[in-house]
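Here is what each chain is made of, one letter per residue.
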Amino acid sequence: MGKAVKVLPRCMEVRGAKVHNLKNIDVDIPLNKIVGIAGVSGSGKSSLALGILYAEGSRRYLESLSTYTRRRMTQGERADVDEVRYVPAALALHQRPGVPGIRSTFGTMTELSNSLRLMFSRLASHRCPNGHYVEPSFAVAAMQEITCPVCGEKFYGPGAEDLAFNSRGACPTCGGTGVVRTVNEAALVPNEDLTIDEGAVAVWGTLMWALMKDVCREMGVRTDVPFKDLTDKEKEIVYHGPAEKKHILYVNPKTQQTAEMDFTYYNAVYTVENALSKVKDDTGMKRLERFLKEGVCPDCHGTRMSEATRAPCLRGIGVDEASKMTLDDLIRWVKAVPDSLPEEMRPMARNICESFLDTAKRLIDLGLGYLSLDRASSTLSTGERQRVQLARSVRNRTTGVLYVLDEPSIGLHPYNLKGLTGVVDDLIADGNSVVLVDHDTQVLRHSDYMVEMGKGAGAEGGTVIAEGTVDELENNENSLIGPYLTAEAQRKTVRGRGKKIGGGPYRRTRPEVPKEDLFSNGRIHMSTDQIHTVHPLEVDIPMSRLTVVTGVSGSKNDHGAGESDPRPRGGYKGRKASGSCEEYRGKRDPPGEADRCSSHRHQRAIDRGDLCRRSR
């Protein structure tokens, strides 16, 4: 009798799902397909995708590991569901990836910096201790000494790790961060109308014993006159006076008891520096932040790299200059590297460069070619960080894995969505399954199968109201997303009046303001210097109007509206802001130069419309 053929499962079977607002639902999710989960916000989409499919897929994978390994890993709890069958090991790309650390850059997140460092280690011209450059050779790859043909000095070329700014190649001054913290002397005495006895020197009341006022008096400084009336010599003692030991008579302000003691004088600047050297956690740093200012490292000029790290030269530039290029420009530069080397080194160069280009291709497909490798990860938008995660997942070329994507279209212009759908197609082609939660109809229409949650949010949601192919949902009377999917398919253009969207006329929901009246309520003039990829701008924004800033992903519409906002840092009429914004001018007069506004008064000014509000 012939052996029975085993049929592989075609769906993940979810039975009795009760996570969050899910109402004991049963649903089958096709495997090896793109499955879109739609629904109004709060309808239970993420509860199904992340709370059940991802939670059970990842938990079951971890349970297959040894007890020894599991004890060293964070494990999720069992989902509130009766049964989930045939769920593969799962990976999730969350809607809001965590903000990376201070040493993280676009290059380290994507691991492109690894390939670039290897390139400069193996293929660059290296500098001998006497300052002469030696032509590229196999010596570094073979871990052999290099002999300088000019002076005869022998030395070893740097390895890839020696060129890492977050390791041995870090700038010794800033520690690989590119910035240095220094004491902001203007913050040490915020109110010069006060006397030292009244607390003019803020750090002595916050970071140091109150008796430092008595020690300061013994240093020859008058402590009973307004700080602004002190002589330059007295102010110099307050800020930078020597650490001298003084004998003082201390009077306890509460008990009025007196005591004689010897105490060393800590000037205001050293008080902050001393406290900074002892900081061990975020709580301690928060106490100091208002007395500090950040600036570009004077030694590495923001590159994060030591002088030795910047020395190797490939195609006329160092690794620091290559890291400043946008990814689009860097790809063109890398492609020309092999042909710039001696013939015998070209095969090795092609292997190294191909590794870089393979990784870069996915990032280009996802519309990230405008970013430079040295761009701090903390300045990337949520959408940019999520796309980096997605590119990294595709590069691993896994198979048989469930990928759960939580709103992958966030931050993407419609023009850039084709790169996202292309990456998702590659995941399916490699034998994986994809479940994506999204609101964008262009992304949802790309699904092979859809599940719609609803109909409402919270208690009104938590049920499956429609499921099937895109065509089936378009014709399902219970579906809320169906008509929008139809409109997406029929959409031609929305530019100009009277054009059709899904068979209906285009209508404005708000009255249109005549062009000549746009600035009738005043204007906010914004003059900026360069902000990341944004060139210097001169912009007028109408007050009391709804202004939309748009553009393809990477055009940095958010930096123009958000990061230029000076808020309480300054930037009023006639004053230069300390941030990226050179000048803001509004219709109403802002608080005067001498008006020492507190933060909540500044916030009221912002709420009235005097300043540009942060749009993010």
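What follows deals with empty space enclosed by the protein. Following the criterion strictly, the structure yields five cavities of 30 Å³ or more and no others. Empty space within the largest cavity amounts to approximately 100 Å³. Considering the residues around the largest cavity, the lining is formed by 14 residues, among which S113, F165, M305, V319 and S323 are closest to the centre. Where the lining of the largest cavity is concerned, the elements lending two or more residues are α4 (112-123) and α11 (319-324). Counting residues per element, the lining of the largest cavity draws most heavily on α4, at three residues. A per-class count over the lining of the largest cavity returns seven nonpolar, four polar and three charged.

A few words on the pattern of salt bridges. Throughout the structure, instances matching the rule amount to 22 salt bridges. Where E294 meets R181, a salt bridge forms, and the shortest distance between an N and an O atom there is 3.6 Å. Here E294 is found in strand β13 (residues 292-296), whereas its partner R181 is found in strand β10 (residues 179-183), with 113 residues between them in sequence. R181 sits in the partly exposed class, given a relative accessible area of 39%.

Where strand β11 (residues 245-251) and strand β12 (residues 258-264) come together, seven bridges link them in antiparallel fashion. For H247, the partnering residue across the bridge sits in β12 and is D262. Connecting β11 to the next strand, β12, in antiparallel fashion are six residues, including Q256 with a positive phi near 65°.

Strands sit in the order β5-β14-β15-β3-β16-β17 across an open sheet of six strands; the sheet is mixed. Of all the strands in the sheet, just β5 (90-93) and β17 (463-468) have a single pairing partner and so form its edges. Pairwise comparison of adjacent strand axes, ignoring direction, gives a mean angle of 20° for this sheet. Relative to strand β14 (residues 402-406), β5 runs parallel, the two sharing four bridges. Looking across to β14, one finds that L91 is bridged to Y403. Lying on the sheet, helix α1 (residues 45-63) is in contact with β3 (34-38), β5, β14, β15 (433-437) and β16 (449-454); it crosses β5 at an angle near 140°. Contacts from helix α15 (residues 417-429) reach β3, β14 and β15, with the element oriented near 145° to β15.

Now for the packing of α4 against helix α12 (residues 327-335). Running from N to C, α4 and α12 cross one another at 35°; their axes reach a closest spacing of 13 Å. Two packed elements cross with a definite hand, and for α4 against α12 that hand is left-handed. Contact residues: α4 offers L112, L116, M119 and F120, while α12 offers L327, W333 and V334. Looking at side-chain class alone, the contact of α4 with α12 contains seven nonpolar, no polar and no charged residues.

This paragraph deals with α1. Its 19 residues give α1 an end-to-end C-alpha distance of 26 Å, which sits within 8% of 27 Å, the value for a rise of 1.5 Å per residue. Along α1, the sharpest change in direction is near 30° and occurs at A55.

On to the packing of helix α13 (residues 346-365) against helix α14 (residues 382-395). The interhelical angle for the contact between α13 and α14, taken along N-to-C directions, is 135°, at an axis separation of 9 Å. The orientation of α13 relative to α14 falls into the category oblique. In the crossing of α13 with α14, the sense of the turn from one axis to the other is right-handed. Contacts between α13 and α14 involve T359, R362 and L363 on the former and, on the latter, V388, A391, V394 and R395. Its residues assigned to classes, the contact of α13 with α14 comprises four nonpolar, one polar and two charged.

What follows is about the packing of aromatic side chains. The geometry of an aromatic ring pair is captured by the separation of the ring centres together with the interplanar angle, meaning the angle of the planes. Across all of its chains, the model carries four aromatic pairs by this definition. Centre to centre, the rings of W204 and Y265 are 6.0 Å apart; their planes meet at 75°, and the pair counts as edge-to-face. Of this pair, W204 sits in helix α6 (residues 202-206) while Y265 sits in the loop between β12 and α9 (268-277), and the two are 61 residues apart along the sequence. Of the two residues, W204 and Y265, neither departs from the other in class, the shared state being buried. Ring centres 5.1 Å apart and planes at 85° place the aromatic pair Y266 and Y270 in the edge-to-face group. When the ring centre of F519 is taken as origin, the NZ or CZ atom of R523, which lies over that ring, is 4.1 Å away.

This part takes up the nonpolar core. Judged by nonpolar contacts, the single largest core of 63 residues is most densely connected at M119, W333 and F356. If sequence neighbours within four positions are ignored, W333 has contacts with L116, M119, F120, L314, R315, I317 and M325. In this structure, V225, F263, Y265 and L288 belong to the second largest nonpolar core, which totals 34 residues.

Bringing the confidence of the model for the protein into the picture now. Per-residue confidence for the protein gives a mean pLDDT of 83, with 84% of residues at or over 70. When the criterion is pLDDT under 50, residues 492-503 qualifies, and its contacts beyond four places in sequence or with other chains add up to 15 contacts. Within the model, the stretch residues 559-616 combines pLDDT values under 50 with 103 contacts to residues more than four positions away or in other chains.

Between G454 and K455 the backbone carries a cis peptide bond, its omega angle lying at 0°. Examined against the element boundaries, K455 turns out to sit in the loop between β16 and β17. Phi at H20 takes a positive value of approximately 55°, unusual for a residue other than glycine. If you trace the backbone, H20 turns up in the loop between β1 (11-17) and β2 (25-30). In this model, H301 sits at a positive phi of 60°, which is unusual for a non-glycine residue.

Next up on the list: the sheet that holds β2. Spatially, three strands are ordered β2-β1-β4 in an open sheet, and the strand pairing comes out antiparallel. In the strand order of this sheet, the two ends are held by β2 and β4 (81-85), each with one partner. This sheet shows a mean twist of 10° between the axes of neighbouring strands, independent of strand direction. As judged from the four bridges shared by β1 and β4, these two strands associate in the antiparallel manner. The residue of β4 that forms the bridge with V14 is V84.

Reading guide: rules and limits
- Residues numbered from 1 in each chain as written.
- Predicted model: local features only at pLDDT ≥ 70, side-chain atom pairs only at ≥ 80, totals over all residues.
- Heavy atoms only, no water.
- 1 Å grid on protein atoms, 1.4 Å probe; cavity = no way out; pocket = protein on both sides within 12 Å on 5 of 7 lines; lining within 4 Å.
- Points joined across faces, edges and corners; volume = space filled by probe spheres on them.
- Helix = DSSP H or I, 4+ residues; strand = E, 2+ residues; numbered from the N terminus.
- Nonpolar A, V, L, I, M, F, W, Y, C, P; charged D, E, K, R; others polar.
- Salt bridge = Lys/Arg side-chain N within 4 Å of Asp/Glu carboxyl O.
- Buried < 20%, exposed > 50% of the residue type's maximum accessible area, 1.4 Å probe, protein only.
- Pairing = 2+ DSSP bridges.
- Axes fitted to C-alpha atoms, helices over the stretch in contact; angles between N-to-C directions.
- Contact = heavy atoms within 4.5 Å.
- Left-handed = near helix turned anticlockwise from the far one by under 90°.
- Expected span 1.5 Å × (residues − 1).
- Bend = angle between axes of the 7 residues up to and from the residue.
- Parallel < 35°, antiparallel > 145°, perpendicular 65-115°, else oblique.
- Phe/Tyr/Trp six-rings, centres within 6.5 Å; stacked < 30°, edge-to-face > 60°.
- Lys NZ or Arg CZ within 6 Å of the ring centre and 35° of its normal.
- Core = buried A, V, L, I, M, F, W, Y, C linked by side-chain atoms within 4.5 Å.
- pLDDT = per-residue confidence, 0-100.

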